[in-house]
Amino acid sequence: MDRAFSWVAAFPDEVWEHTFSFLPTDADRNAVALVCRSWHRIERLSRRKIFVGNCYAVEPAAAVRRFPEVRAATIKGKPHFADFNLTITDWGGGAGRWIQSMAKGWPLLEELRLKRMVVSDDCLEIAARSFKNFRVLSLASCEGFSTAGLASVAANCRNLKALDLHENEVEENCINWISHFPESFTSLVTLNIACLDGEMNVSILERLISRCPNLKTLRLNHVTPLEKLVGLLHRAPQLVDLGIGMLIGEGHPGLFSKLESAFAHLKHLKNLSGIWEAGPLYLPAIYSICEGLTALHLCDSSIQTPELSKVVSRCKNLQQLWAMDLIEDDGLIAVASSCKLLRELRIFPSDPHGLAQPVYLTQYGLLAVSSGCVMLESVLYFCRQMTNSALLAIANNCPNLTCFRLCIIEPYTPDYITQEPLDAGFGAIVELCKDLRRLSISGLLTDRVFKTIGASANRLEMLSVAFAGDTDAGLHYILSGCKKLRKLEIRDCPFGDKALLDNADKLEAMRSLWMSSCSVTLGACRLLAKKMPRLNVEVIDENGGGSLESWPDDCHVEKLYIYRTIAGPRTDAPPFVLTV
Amino acid sequence: MTPPMEHDYMGVNDTELRLGLPGSNGRVADGGATGGLTLGCAKRGFSDVIHGGSFSEAGEDAGGVTKAAPPPPPAKTQIVGWPPIRSYRKNTIASNSSKNNNDDADAKQGNECHYVKVSMDGAPYLRKVNLNRYSDYKELSLALEKMFTCVTFGSYGVSAREMTTEGRVLDLLQGSEHALTYEDKDGDWMLVGDVPWPMFADSCRRLRIMKGSDAIGIGKAPKAMEKSRIRN
């Protein structure tokens, strides 16, 4: 066979390997691996990074065997809707089997990133002891471990550069885990422990920071008295990314100027995040660094519009702003006129269940930003009212949007002026923003919007739908269109069997489909599973578990998760998750 | 709901589309400046009254228009997982009521959160519960049973209110598989149910579901009773 491809032998393997190193994406490398056996061999032996979007799509041992020289692995577990408690508590996503295979097959692994997985302390200990060159550990939205597990990471990973814990649920049973970093340990570049909210021994932290001259990212946990923060900042003037934890200010006179001077020393600071409960009086302490900021995340803070506006108007170089809706339209208008380089805006609801007075954040705020910030690419916006005309204007203003997630908090909310569905508005978004890769829709929506999305959203990779549509046609439009769709998550829509069965092949071209509170029956799931052996069709039954065979075909399926896999049905599913 | 239109969305509503037609020059800005959006805003929502149809300076009322605060919406039954925010964002979300500083009546409506972590021995996951959502031990117990589906507290939760003696507490523990304990403000671990609910809700920092036998062995109950006697 290789006779026909003798040109392959014209160069030594190292040359091909070097050539492949310029390929930007895994998809390109996958394509290269299909050309001939030699390239397949050379590519697999030289692959250094692997991304597994669904931990159940492939057996860990198989992945490790195919790519024996991997140095960096990223693995994701639970479906996205697990973030909102839509899956059951012990759904799965355990990292154990992956860590065991990796420990055996990739002893030189340097970087491990896990998202939405269940990671036990044992896993952390195995990783810490098995990977001698471990440099980066990143856990995002994970659970199952405690600070005791972190202690073993600290104690054993001599060259650790990054410990990045993002929004994990961590049991805090080892208060001084930070002290397990040995005195000789100086390599830390990133320390993100914002998700830990227990007490922390600040002087141990101070000593650690002092001996790590390359520390660039420091995101602290919740309880940091202001005086202590000042001390920490003085020890790390080289910081680029700072998360300040919760500042509790007991006002004593010199504190403000100390804080102000500490911030002024951070000449390289680009990212500022965290909770701010110190009160508006202390906020001016950060004015001196505002101009250098490219990212500002104040999503847990209760700072209100006037103060926030004063901050953002000084942030002339801001590219990323995450804030609470307390910023209001006025604050966003200030953003629109001051932050001309803004690329990403995320606005979160301060009062998601509408228990208090509503804030004055409407479609005007987003409209203003879309009008003033020509580089805007990514939007996440929670609000209570929207109009088709505003959406159309936003689409016109920002044709370069790649991510547009709009959540109108009350389901089925129409255009509040015309009372029409928001089909036209979202239609404009997908038709005018040709590079749109991620979309979340909300409000009152009919099947029409799905027709437009299916036809126009040619680059769309992820779509989230809730409380929308009239009939199965909606789902059919999506599955038969949207050529690049990888992830689809749907809740509370009248979508059912026919669309699924008619588009079964599409499901294998996607990573996963989540449907909950729709109109799917068990019979359709059975047919689908039979037709598509490389899909896992999992139904979640919270009421009983037990034997699937006995249930009738017309039984309603409340929660359905379908994903492609070459690993077959998973063996670690709890009793409430049944693979059809 | 409007009937489906035959032509595509461009023809849906001309008054809307007069504003910011695709291909029109320049950015389509907010109402006041270009006069663009004001056309469509014949029926204004409350926010239009506030802004008076133009950009307002931060912190100023536009043209002295009174901020007509709409009445707070009635409490709604909450849909699971909606709105889609990570349940991770918690306690620090401040109540709006203190900000819209007007009625005292509203002050109590603010969503005061008191989330505490709940761990269960042997389970690889933690959960968080908002203690302010429950008004007594029974409700908390039922919620936890739902959350940790294989746990039953026997009659523990139901009769927690009636528990007055040590003996009774121990009886209940023998009867059920799991015991619910909590860490209080002082860092001590106590059995749940010994003190009046408001006191518990205030001082609880985290919850832990232990195997019933462990709880007895540690002998927390007597200490808890002592503590509450001292406090009461």
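Everything below is about the structure printed above this text.
Residues numbered from 1 in each chain as written. Chains lettered and ligands numbered in written order. Predicted model: local features only at pLDDT ≥ 70, side-chain atom pairs only at ≥ 80, totals over all residues. Heavy atoms only, no water.

## Section: the overall build of chain B
- Scanning chain B from N- to C-terminus turns up ten helices and five strands.
- A buried classification covers 45% of the 232 residues belonging to chain B.
- Expressed as a percentage of contacts within chain B between residues at least 6 apart in sequence, the contacts between residues at least 24 apart total 49%.
- Approximately 12300 Å² of chain B is accessible, and the part contributed by carbon and sulfur atoms is 53%. (Helix = DSSP H or I, 4+ residues; strand = E, 2+ residues; numbered from the N terminus. Buried < 20%, exposed > 50% of the residue type's maximum accessible area, 1.4 Å probe, protein only. Contact = heavy atoms within 4.5 Å. Areas by Shrake-Rupley, 256 points an atom, 1.4 Å probe, with all protein chains shown as cover.)

## Some words on the sheet that holds strand β2 (residues 126-130) of chain B
Residues and elements named next belong to chain B.
- Strands sit in the order β2-β1-β5-β3-β4 across an open sheet of five strands; the sheet is mixed. The open sheet has two edge strands with one neighbour each: β2 and β4 (189-191). Between one strand and the next, the sheet's axes are offset by a mean angle of 30°, whatever the strand orientation.
- Of the pairings in the sheet, the one linking strand β3 (residues 178-183) to β4 comprises three bridges and is antiparallel in character. Bridge pairing links Y182 to M190 in β4.
- Helix α5 (residues 137-147) rests against β1 (115-120), β2 and β3 of the sheet, and its axis sits at about 150° to β2. (Pairing = 2+ DSSP bridges. Axes fitted to C-alpha atoms, helices over the stretch in contact; angles between N-to-C directions.)

## Some points on the packing of aromatic side chains
- Counted by the stated rule, this structure contains 23 aromatic pairs over all chains.
- Between the aromatic rings of A:W91 and A:Y561, the centroid separation amounts to 5.7 Å while the plane-to-plane angle is 70°, which identifies the pairing as edge-to-face. Here the residue A:W91 occupies a position in the loop between β2 (72-76) and α6 (96-105), and A:Y561 occupies one in strand β24 (residues 556-564), the gap between them amounting to 470 residues. Across the pair, A:Y561 and A:W91 agree in class, each one buried.
- Between A:F467 and B:W82, the ring centres sit 5.2 Å apart and the planes meet at 80°, which makes this aromatic pair edge-to-face. Note that A:F467 is positioned in the loop between β20 (462-466) and α19 (472-480) and B:W82 in the loop between α3 (46-51) and α4 (104-107), a pairing that runs across two chains. (Phe/Tyr/Trp six-rings, centres within 6.5 Å; stacked < 30°, edge-to-face > 60°.)

## Focus on helix α22 (residues 522-531) of chain A
- What α22(A) keeps buried is the set A:L522, A:G523, A:A524, A:C525, A:L528 and A:A529.
- Buried residues along α22(A) sit in contact with α20 (497-502), α21 (504-509), β22 (512-521), β23 (535-540) and β24 of chain A.

## Thoughts on the pairing of strand β4 (residues 136-140) of chain A
Residue and element names in this part refer to chain A.
- Most of β4 is tucked away: five of the five residues are buried.
- Burial along β4 is two-sided: V136, S138 and A140 and L137 and L139, pointing in opposite directions, are all buried.
- Sheet topology places strand β3 (residues 111-115) next to β4; five bridges connect them, and they run parallel. Considered in β4, the bridge of L112 is made with L137.
- Between the parallel pair β3 and β4, the chain is carried across by helix α7 (residues 121-130), and the sense of this crossover is right-handed.
- As paired elements, β4 and strand β6 (residues 162-166) share five bridges and run parallel to each other. Within β6, the position partnered with L137 by the bridge is L163. (Right-handed = clockwise from strand over helix to strand, strands pointing away.)

## Here's the deal with unusual backbone geometry
- Following B:W82, the chain continues to B:P83 via a peptide bond in cis, the omega torsion being -5°.
- By secondary structure assignment, the location of B:P83 is in the loop between α3 and α4.
- One non-glycine residue, A:Y412, adopts positive backbone phi at about 65°.
- Of note, A:Y412 is situated in the loop between β18 (403-408) and α17 (423-432).

## Focus: helix α11 (residues 255-264) of chain A
Residue and element names in this part refer to chain A.
- Buried residues of α11: L255, L259, A262 and F263, and no others. The buried residues of α11 occupy an angular sector of 95° when projected down its axis, which confines them to one face.
- In this fold, the buried residues of α11 make contact with α10 (226-235), β11 (241-243), β13 (271-273) and α12 (287-290). (Arc of directions from axis to C-beta.)

## Some points on the side chain of A:T452
- Of note, A:T452 is situated in helix α18 (residues 447-456).
- Among all residues touching A:T452, those that are not within four sequence positions of it are A:G427, A:V430, A:E431 and A:A457.

## Observations regarding the environment of A:A73
Residue and element names in this part refer to chain A.
- Within the secondary structure, A73 sits in strand β2.
- Judged by relative accessible area, which is 0%, A73 ranks as buried.
- Spatially, the C-alpha atom of A73 lies 37 Å from that of S370, the residues being 297 residues apart in sequence.
- Here A73 is in contact with I50, M102, W106, L109, E111, L112 and R113, once residues within four sequence places are set aside.

## Some points on the nonpolar core
- Of all hydrophobic cores here, the largest spans 197 residues; its most connected members are A:M102, A:W177, A:F263, A:F404 and A:I453.
- Here this core gets six residues from one element, more than from any other, and that element is helix α16 (residues 388-397) of chain A.
- Residues in contact with A:F404, not counting those within four places in the same chain, are A:L366, A:V379, A:L391, A:I394, A:F426, A:I429, A:L436, A:R438, A:L439 and A:S440.
- In terms of nonpolar packing, the next biggest core, distinct from the first, is built from 25 residues, B:V118, B:Y134, B:V192 and B:A201 among them. (Core = buried A, V, L, I, M, F, W, Y, C linked by side-chain atoms within 4.5 Å.)

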